[in-house]
Amino acid sequence: MKKILVVLTGGTIGSRVDNDVIDVSDTSPYRLLSLYEESYGREAFEVIQPINILSENMTPDSLLILLKALDRIPYGEYAGIIVAHGSDTLSYTSAFAGLLFHHIPVPMILIASNYPLGQEGSNGLNNFARAVEFIRGQNMKGVFTLYQDREGVDQVYLATRIHEAEPVHDQFRDFSGCAFGRMENGRFLLRTEKNDEESRMVEKELKKDRKQKLMVPDSFSNKVMMIRPYPGMDYSVFRFDENNKPAAVLHYLYHSATACLSGEEYNFLSFAQRCRRQNIDVYTASYKRTDGKQYATGDVLLKAGVIPLLNISPEAAYAKLMLIYNSKKPMDREFLQENIYFECIEGGNV
């Protein structure tokens, strides 16, 4: 029986509580494995720990250490991979992993925990156990994120479709509005609606031979700045000099693919034009489509030449731009805007 590779990174699932302060330690990450053995019996695990941090402390440098470690894995030697991660930036690491490793021949499952292991209400051990069941019981490959919700449902998300947790109930949600599936009684159940359609899309996308693929970069030296609009956002505070500017700006729009175009300091178009004069590419997202009817403000943005990304979450859009702008190979605009299955299971140009 092939082993399951467990990649420990710290986070709440690898933390302990000391005087009401939750933090990582050198020994606490391995408690996950001992608790699993106590509750479920022996399993064939192999463990690596590329980083050991609280996930809110994830930087491009530490993220790159993790991604390079995942890239070096000889996947054929394992039944699957479980990445134990902190919940705060779980959706971002999931997006990077989903874009980079969706082609691997075994499942990679990212998990987290709402509370430290052993604390009442903690779902960390459960999430880990369900990930083991997913690997041992399913004939699936690709990258997924598994997390038990507050109703006790063990939700399985496509890694590039999961949104960060909301702050009231600490619950994740899927970009499409419904998780890819769930674990129940040791089995993975694809969500009931559109099963046949989604199965055909999975098969079609996995068989595609893409001319351009995203690769783990040598460094994240080129920065991507992501901003979100709100009433009163003053774009004049964003001033870049030639020695300290991003390679690109990702402006995630309101849900109707709109942004404020009134006044001067509140005008996104003025900001975008200023970026263009400094050779900073500007991308926008939240578009469901760019043809057909558009709001007047959204229409102005499209005609002004800001680059739209379709049907993509903020996390996946940011990850995709970071990978592209730090790639050695130039990526064409068609590839940039392509909606591959692992980014967009429905509503996209698959």
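Residues numbered from 1 in each chain as written. Predicted model: local features only at pLDDT ≥ 70, side-chain atom pairs only at ≥ 80, totals over all residues. Heavy atoms only, no water.

Draft legend 1. Representation of the overall build of the chain in the model. A count of helices and strands for the chain gives nine helices and 16 strands. Burial statistics for the chain: of 350 residues in total, 53% are counted as buried. In the structure as shown, the chain presents an accessible area of about 16900 Å², 47% of it carried by carbon and sulfur atoms. (Helix = DSSP H or I, 4+ residues; strand = E, 2+ residues; numbered from the N terminus. Buried < 20%, exposed > 50% of the residue type's maximum accessible area, 1.4 Å probe, protein only. Areas by Shrake-Rupley, 256 points an atom, 1.4 Å probe, with all protein chains shown as cover.)

Draft legend 2. The arrangement of the layout of surface pockets in detail. Approximately 380 Å³ is the volume attributed to the largest pocket. What lines the largest pocket is a set of 18 residues, among which His-163, Arg-173, Arg-228, Tyr-252 and Pro-314 lie closest to the centre. Counting only elements with at least two residues in the lining of the largest pocket, the list comes to β15 (281-287) and α8 (314-325). The residue makeup of the lining of the largest pocket, split by class, is nine nonpolar, four polar and five charged. (1 Å grid on protein atoms, 1.4 Å probe; cavity = no way out; pocket = protein on both sides within 12 Å on 5 of 7 lines; lining within 4 Å. Points joined across faces, edges and corners; volume = space filled by probe spheres on them. Nonpolar A, V, L, I, M, F, W, Y, C, P; charged D, E, K, R; others polar.)

Draft legend 3. Spatial organisation of the nonpolar core. Grouped together as the largest cluster of nonpolar side chains are 54 residues, with contacts concentrated most on Leu-70, Tyr-75, Ile-81, Phe-96, Phe-101, Met-108 and Leu-250. Element by element, the count of residues in this core is highest for α8, at nine residues. With sequence-adjacent residues up to four places away left out, Tyr-75 is seen in contact with Leu-70, Ile-81, Phe-101, Ile-104, Pro-105, Val-106 and Met-108. (Core = buried A, V, L, I, M, F, W, Y, C linked by side-chain atoms within 4.5 Å. Contact = heavy atoms within 4.5 Å.)

Draft legend 4. Just the sheet that holds strand β12 (residues 187-190), in detail. One open sheet holds the eight strands; their spatial order is β4-β1-β5-β6-β7-β8-β11-β12, and the pairing between them is mixed. Pairing within the sheet leaves two strands with one partner each, and these edge strands are β4 (45-48) and β12. For this sheet the average axis-to-axis angle between neighbouring strands, irrespective of direction, equals 25°. Two strands pair when backbone bridges link them, and strand β8 (residues 154-158) and strand β11 (residues 181-184) are joined in this way by three bridges, in the antiparallel orientation. By the bridge assignment for β11, Asp-154 is matched with Met-183. (Pairing = 2+ DSSP bridges. Axes fitted to C-alpha atoms, helices over the stretch in contact; angles between N-to-C directions.)

Draft legend 5. Spatial organisation of unusual backbone geometry. With a phi angle near 55°, Asn-185 is a residue other than glycine that sits in the positive phi range. Within the secondary structure, Asn-185 is located in the loop between β11 and β12. We note that Ser-286 has phi near 110°; this positive angle belongs to a residue other than glycine. Within the element layout of this structure, Ser-286 appears in strand β15.

Draft legend 6. Main features of the sheet that holds strand β16 (residues 307-310). In spatial order, the strands read β13-β14-β15-β16; together these four strands make up an open sheet with parallel pairing. Of all strands in the sheet, those bounded by a partner on one side alone are β13 (224-227) and β16. Adjacent strand axes in the sheet meet at a mean angle of 25°, parallel and antiparallel pairs treated alike. In terms of strand pairing, strand β14 (residues 248-252) meets β15 through five bridges, oriented parallel.

Draft legend 7. The side chain of Gln-171, seen in detail. Take Gln-171: it is sitting in the loop between β9 (162-163) and β10 (173-174). Accessibility expressed as a relative area gives 15% for Gln-171, which makes it buried. Side-chain polar atoms of Gln-171 contact the backbone oxygen of His-169, separated by 3.0 Å. For Gln-171, the contacting residues outside a window of four places in its chain are Asp-149, Arg-150, Glu-164, Ala-165 and Glu-166. (Polar contact = N/O pair within 3.5 Å; in protein donor to acceptor, adjacent residues only side chain to side chain.)

Draft legend 8. Main features of the confidence of the model for the chain. Of the residues in the chain, 87% have a pLDDT of 70 or more, and the chain-wide mean is 86. Confidence drops under pLDDT 50 across residues 340-350; counting only partners more than four residues distant or on other chains, this segment forms 46 contacts. (pLDDT = per-residue confidence, 0-100.)

Draft legend 9. Quick peek at the packing of helix α2 (residues 60-71) against helix α3 (residues 90-101). At their nearest, the axes of α2 and α3 sit 11 Å apart, and the two run at 35° to each other. Here the hand of the crossing between α2 and α3 comes out right-handed. Facing Leu-63, Leu-66, Leu-67, Leu-70 and Asp-71 of α2, the residues of α3 in contact are Thr-93, Phe-96, Leu-100 and Phe-101. Partitioning the contact of α2 with α3 into residue classes produces seven nonpolar, one polar and one charged. (Left-handed = near helix turned anticlockwise from the far one by under 90°.)

Draft legend 10. How the structure looks around the packing of aromatic side chains. Enumeration over the complete set of coordinates arrives at 18 aromatic pairs. An angle of 75° between the planes, with centres 5.4 Å apart, marks the rings of Tyr-36 and Phe-45 as edge-to-face. For the pair Tyr-36 and Phe-45, a shared accessibility class is recorded, and that class is buried. Between Tyr-36 and Phe-128 the ring centres are 5.5 Å apart and the planes differ by 85°, which places this aromatic pair in the edge-to-face class. One end of the pair, Tyr-36, is in helix α1 (residues 31-40); the other, Phe-128, is in helix α4 (residues 124-137), and 92 residues separate them in sequence. An identical accessibility class is assigned to Tyr-36 and Phe-128; each is buried. Each residue in the set Tyr-235, Phe-238, Phe-240, Phe-268 and Phe-271 is aromatic and connected to the rest through ring pairs, giving one cluster. (Phe/Tyr/Trp six-rings, centres within 6.5 Å; stacked < 30°, edge-to-face > 60°.)

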